[in-house]
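# Breakdown of the fold
Each chain is listed here by its residues.
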Amino acid sequence: MTSGLWELVLQGVWVTIQLLVFSSLLAAAVSFVVGVARTHRLWIVRFVAGVYTEVFRGTSALVMIFWVFFVLPPAFGWQLVPMWAGTLALGLTYGAYGSEIVRGALGSVDPAQKEGGIALSFTPWQRMKLILLPQAVPEMIPPFSNLLIELLKGTALVSIMGMGDLAFSGNLVRLALQESAEIYTYVLLIYFVIAFLLTRVMRGLEKKLKAGVGKTAPKREAAAREPAGIGGVR
């Protein structure tokens, strides 16, 4: 490929990364708000959060992008640019899946921990902040890592709006060169590299968070606790 075509692909990579960051931030916020609401003591709060979750989990992300980009703006008299339409559709859709991760992790905390917070006269917010979240968040990281990879692959759907993401740019290069195998192989490899890097980052975050709550020991501390060998040599 020429340098100009490679530049087009790199621009697509940058657009995909921006979309991934924006939509994952929105999805994370939605996940925690809705997930916590699913455990609320008021039934109406749980009901509203449950309706949201079921609606967005039961609809196609592709159709949701169409709806946000083509249907929603005329109803309010304004138009969203593709970046924000994609961010809104993907963030709300994957946030619904993430809310179930949050709800499940909060529900897995030992009930004795919650009762201890009540015995100490903690407010619901204090129990959530000081007891539940520190123990639940490390358990959320592996499923959130999988969800983040799914979100990365879902960003390719925005190409239907003519947005210059990696998938769209790769298709333009394919049309210019009339070469499918080579171009799509490059695109697949780029997606794989991004996904691999995300996985490594999330694994590092998981180890750090679990070490912070005593579930796993850092390597240095673990080595320090190993029994000494013959002559004091480990």
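Analysis parameters
Residues numbered from 1 in each chain as written. Predicted model: local features only at pLDDT ≥ 70, side-chain atom pairs only at ≥ 80, totals over all residues. Heavy atoms only, no water. Helix = DSSP H or I, 4+ residues; strand = E, 2+ residues; numbered from the N terminus. Buried < 20%, exposed > 50% of the residue type's maximum accessible area, 1.4 Å probe, protein only. Contact = heavy atoms within 4.5 Å. Areas by Shrake-Rupley, 256 points an atom, 1.4 Å probe, with all protein chains shown as cover. Salt bridge = Lys/Arg side-chain N within 4 Å of Asp/Glu carboxyl O. Expected span 1.5 Å × (residues − 1). Arc of directions from axis to C-beta. Axes fitted to C-alpha atoms, helices over the stretch in contact; angles between N-to-C directions. Parallel < 35°, antiparallel > 145°, perpendicular 65-115°, else oblique. Left-handed = near helix turned anticlockwise from the far one by under 90°. Nonpolar A, V, L, I, M, F, W, Y, C, P; charged D, E, K, R; others polar. Patch = residues over 30% accessible without salt bridge, like charges linked within 9 Å, V, L, I, M, F, W, Y side chains within 5 Å. Lys, Arg positive; Asp, Glu negative; His and termini not counted. Polar contact = N/O pair within 3.5 Å; in protein donor to acceptor, adjacent residues only side chain to side chain.

As a further point, take the overall build of the chain. Scanning the chain for helices and strands turns up nine helices and zero strands. Taken from the N to the C terminus, the helices and strands of the chain come in the order α-α-α-α-α-α-α-α-α. Every one of the 234 residues in the chain was classed for burial, and the buried ones make up 35%. A separation threshold of at least 6 residues defines the contact pool for the chain, and within that pool the share at least 24 residues apart is 71%. Accessible surface for the chain amounts to roughly 13,600 Å². Of this, 67% is attributable to carbon and sulfur atoms.

Moving on, we come to the pattern of salt bridges. Across all of its chains, the model carries four salt bridges by this definition. Arg57 is the salt-bridge partner of Glu54, the closest N and O atoms lying 2.8 Å from each other. Of this pair, Glu54 and Arg57 both sit in helix H2 (residues 43-57), three residues apart, which is roughly one turn of that helix. Note on Glu54: relative accessible area 46%, which makes it partly exposed. A salt bridge links Arg103 to Glu100; the shortest N-O distance between them is 3.0 Å. Of this pair, Arg103 and Glu100 both sit in helix H4 (residues 82-107), separated by three residues, roughly a single helical turn. Via salt bridges that share partners, Arg38, Glu100 and Arg103 belong to a single interconnected network.

A few words on the environment of Ala167. Note that Ala167 resides in helix H7 (residues 166-177). The partly exposed category is assigned to Ala167, whose relative accessible area is 23%. Linking Ala167 and Val9, residues 158 residues apart in sequence, is a C-alpha distance of 8.9 Å.

Okay, H7 next. Look at H7: 16 Å from first C-alpha to last across 12 residues, which is about the 16 Å you get at 1.5 Å a residue. For H7, the complete set of buried residues consists of Leu166, Ser169, Gly170 and Val173. All buried residues of H7 fall inside an arc of 100 degrees around its axis, so they share one side. Just downstream of H7, Gln178 is the residue with a positive phi angle, here 55 degrees.

Take the packing of helix H3 (residues 61-76) against H4 next. Relative orientation of the contacting elements H3 and H4 amounts to 135 degrees, with a least axis distance of 9 Å. In terms of orientation, H3 and H4 fall into the oblique class. The way H3 lies across H4 gives a crossing that is right-handed. Across from Ala61, Met64, Ile65, Val68, Phe69 and Leu72 in H3, the residues of H4 making contact are Pro82, Ala85, Leu88, Ala89, Leu90 and Thr93. Looking at the contact of H3 with H4 residue by residue, the classes come out as 11 nonpolar, one polar and no charged.

On the surface, a nonpolar cluster with roughly 670 Å² of combined accessible area is contributed by Leu42, Trp43, Ile44, Phe47, Val48, Val51 and Val55. A relative accessible area of 51% places Val48 in the exposed class.

Closest axis-to-axis distance for the helix H1 (residues 3-37)/helix H6 (residues 124-154) pair is 11 Å, and the angle between their directions is 140 degrees. Taken together, the axes of H1 and H6 lie oblique to each other. For the pair H1 and H6, the sense of crossing is right-handed. Across the interface between the two elements, Thr16, Leu20, Ser23, Ser24, Ser31, Phe32 and Val36 from H1 touch Met128, Leu133, Val137, Met140, Phe144, Leu148, Leu151 and Leu152 from H6.

Among the secondary structure elements, Asp165 is positioned in the loop between H6 and H7. Buried charge Asp165 goes without a salt bridge, the closest partner of opposite sign being Arg174 at 13 Å. Here the side chain of Asp165 touches Phe168 through a polar contact of 3.2 Å, landing on its backbone nitrogen.

When you line up the elements, Phe56 lands in helix H2. Phe56 sits 36 residues away from Leu92 along the chain, and the two C-alpha atoms are 7.2 Å apart.

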